[in-house]
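Geometric and topological summary
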Amino acid sequence: MPFTMIHGDDLAAFPKLRDEMFRERGSIFKDRLGWSLRTDAAGREMDEYDGMNPLYNIVTDEAGRHLGSTRLMPTTGRTMIADHFAELTDGVPVSSAAIWEVTRFFVSPQAGRRAAPALMWAGCDLALRSGVDFYVGVTGAHMVRVFSACGWTPEVIGRGTSAEGEIVACLWEVSKAQVEALRIRAALPEECGPVEIFRPAPATAALAA
Amino acid sequence: MSKALDVIVEKLSSIPDLSGLGDVIEAIRATYDVDHVYYYAVSLGLDTPVFEDTRGGGLTRDQGIWRRDGRSIGALSYSADWIHHYFEAKFDLIDPVLNGSLGSFAPLDWGLLDWSDPGRRRFFNEAGEHGIGNQGYTVPVRGPGGQFAIFTVNKACAPAIWAKLLDDYRSDFMLLAHYTHQQALRFAGTARHDLARPLSPREKDALRLLAEGVSRARAADRLGISENTFRVYVDSARHKLGALNVPHAIALAAYRGVMTPQ
């Protein structure tokens, strides 16, 4: 299962994948789940956090078409949970170098059952390799069972209600054992990692002079 | 938090100004048994330069701290020869570690980079000749207003030794990168502490229990929350207070009188 990790600032190098991701985000979160989100004329759902150079963790099919993705941000900067959902954690804004935020987690309806655990595996493995101990994220309360079914049960650290219904603040613990469990759940081969982040580096022709 | 980290954080907390960073870098190098360590703040996030650039974009060193372009500062264990050569040869334009980190927040293991390009190959080889390790790990730190810094450790060693070192200490390097940057911002006068944002009742409760010597597990239990939630509260309080570890957070909170329940 092909994986891709791209920073927001580098998405321009992947226009097709970028548009598929944002369009599907719109159709899932706005059209299907009914969240009050804005989409552009092309149906792409993007918010201000997409402009803060997050990291997108994406799984695609063999042809490179988007199957599912998440958006990752450090909690030492601005986050959705601190900006919009601090009441879920008793007014405490989650902020730690050891915690990253995950938002906009979704898989396409046409993705197989492996897509969600595969996406979680890639995110968990990246966090482990980065010295990050937890992911935090706000999600609909019904999603906790979905995450558990994928093999990564979050700890609910806060509950509340929003216009979209019951919501929870979740903490996912990162560990070597968890990475391995997700790899097996997603039926990925042992030698499938690590997923490299796309990192453009300038050509060195300039130095020749 | 490892014991090694405790020692470094204590040292980092006790330095009086930027000139102490060099000692901290040396302590990190010795403690983690790596060849080199550097902290390089590409930008401290200011509209105006933090120091006078007397040499017009030149590289200067004062009390162990390198300064460049009036905006960047660095504390490095590298030789002065290599640092001068690096900028004279314009390696900063092609360095895949620096360029691959810019704007990011995800650490970068040098082994995963593409070194096949001839210029990059030359850079890698020359770095090796100057004692830079072939194995390296770089943690980018970004902050508001365009703040950006990188923290790097490297060592000349076999892949297996390097993998073991990272397995043991990745979390330490993540925290050290952030704490070193936090102190640099403080000394450069550009830290933005959230003094306007008071501690929430839960953060005060958590600190107060720790100050009373209650264990984390019992404190969490008393507050009716999990240990992980407790850790989140303590981390947030520490961050708001601008403290690098829990004892300092407690001391600062006590000093400012913000721990007492209202």
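**Re the overall build of chain A**
Along its length, chain A carries six helices and seven strands. In chain A, the order of α-helices and β-strands from amino to carboxyl end is β-α-β-β-α-β-α-β-α-β-β-α-α. For chain A, the C-alpha radius of gyration of 17 Å lies close to 17 Å, the compact-globule estimate for 209 residues. Principal-axis analysis of the C-alpha atoms places the extent of chain A at approximately 60 × 45 × 35 Å. Each of the 209 residues in chain A was classed as buried or not, and the buried ones make up 54%. Looking at chain A as shown, the accessible area adds up to about 8900 Å², and 53% of this sits on carbon and sulfur atoms. Taken as two groups, the 21 positive and 27 negative side-chain charges of chain A have centres that lie 5 Å from each other.

**Side note on the sheet that holds strand β3 (residues 65-68) of chain B**
Residue and element names in this part refer to chain B. With antiparallel pairing, the seven strands of this open sheet are ordered in space as β2-β3-β4-β1-β7-β6-β5. Of all strands in the sheet, those with a lone pairing partner are β2 (59-62) and β5 (108-109), marking the two edges. Across seven bridges, the pairing between strand β1 (residues 36-43) and strand β7 (residues 148-155) is antiparallel. The residue bridging Val-37 from the neighbouring strand is Val-153, located in β7.

**Digging into the packing of helix α7 (residues 201-211) of chain B against helix α10 (residues 246-255) of chain B**
The angle between the axes and the distance between the axes are what describe a pair of packed helices. Residue and element names in this part refer to chain B. At their nearest, the axes of α7 and α10 sit 10 Å apart, and the two run at 105° to each other. If you check the angle between α7 and α10, you find them roughly perpendicular. Taken together, the residues of α10 that come into contact with α7 (itself represented by Leu-207, Leu-210 and Ala-211) are Val-246, Ala-249, Ile-250 and Ala-253. Considering only residue class, the contact of α7 with α10 consists of seven nonpolar, no polar and no charged.

**Regarding the interface of chain B and chain A**
How big an interface is tends to be reported as the loss of accessible area on association of its parts. At the junction of the two partners, chain B supplies 43 residues and chain A supplies 43 residues. Contact between chain B and chain A buries roughly 3500 Å² in total, counting both sides, with carbon and sulfur atoms accounting for 57%. Looking only at chain B, the three residues that lose the most surface to chain A are B:Phe105, B:Leu112 and B:Val232, adding up to 18% of its buried area. At the surface where chain B touches chain A, the tally comes to 17 residue pairs in polar contact (both at pLDDT 80 or more). Elements that contribute at least two residues to the side of chain B that touches chain A include exactly α4 (96-101), α5 (118-129), β6 (135-142), α6 (159-188), α7 and α9 (227-241) of chain B. Tallying contributions element by element places α9(B) first for the side of chain B that touches chain A, with nine residues.

**Let's talk about the pairing of strand β4 (residues 99-107) of chain A**
Residue and element names in this part refer to chain A. Burial analysis of β4 places eight of its nine residues in the buried class, the great majority of the element. Taken together, the six bridges between strand β3 (residues 66-74) and β4 define a ladder with antiparallel strand orientation. Residue Ser-69 lies in a different strand from β4, and its bridge partner there is Phe-106. Two strands pair when backbone bridges link them, and β4 and strand β5 (residues 134-140) are joined in this way by three bridges, in the parallel orientation. Bridge pairing in β5 places Trp-100 opposite Tyr-135. What joins β4 to β5 is helix α3 (residues 115-130), and the crossover it makes is right-handed.

**A word on the domain arrangement of chain B**
Residues and elements named next belong to chain B. Considered domain by domain, chain B is made up of domain 1 (3-188) and domain 2 (201-255). The distance between the C-alpha centroids of domain 1 and domain 2 comes to 31 Å. Domain 1 puts seven residues into the contact, and the matching count from domain 2 is six residues. Contact between domain 1 and domain 2 buries roughly 590 Å² in total, counting both sides, with carbon and sulfur atoms accounting for 51%. By the criterion of area lost to domain 2, the three top residues of domain 1 are Ser-13, Tyr-179 and Gln-182, representing 62% of everything that side buries. Remark: the boundary between domain 1 and domain 2 carries zero salt bridges.

Rules used in this analysis
- Residues numbered from 1 in each chain as written.
- Chains lettered and ligands numbered in written order.
- Predicted model: local features only at pLDDT ≥ 70, side-chain atom pairs only at ≥ 80, totals over all residues.
- Heavy atoms only, no water.
- Helix = DSSP H or I, 4+ residues; strand = E, 2+ residues; numbered from the N terminus.
- Rg over C-alpha atoms; globule rule 2.2 N^0.38 Å.
- Buried < 20%, exposed > 50% of the residue type's maximum accessible area, 1.4 Å probe, protein only.
- Areas by Shrake-Rupley, 256 points an atom, 1.4 Å probe, with all protein chains shown as cover.
- Lys, Arg positive; Asp, Glu negative; His and termini not counted.
- Charge placed at Lys NZ, Arg CZ, Asp CG, Glu CD.
- Pairing = 2+ DSSP bridges.
- Axes fitted to C-alpha atoms, helices over the stretch in contact; angles between N-to-C directions.
- Parallel < 35°, antiparallel > 145°, perpendicular 65-115°, else oblique.
- Contact = heavy atoms within 4.5 Å.
- Nonpolar A, V, L, I, M, F, W, Y, C, P; charged D, E, K, R; others polar.
- Buried area = accessible area lost by both parts, 1.4 Å probe.
- Polar contact = N/O pair within 3.5 Å; in protein donor to acceptor, adjacent residues only side chain to side chain.
- Right-handed = clockwise from strand over helix to strand, strands pointing away.
- Domains from an automatic or database assignment.
- Salt bridge = Lys/Arg side-chain N within 4 Å of Asp/Glu carboxyl O.

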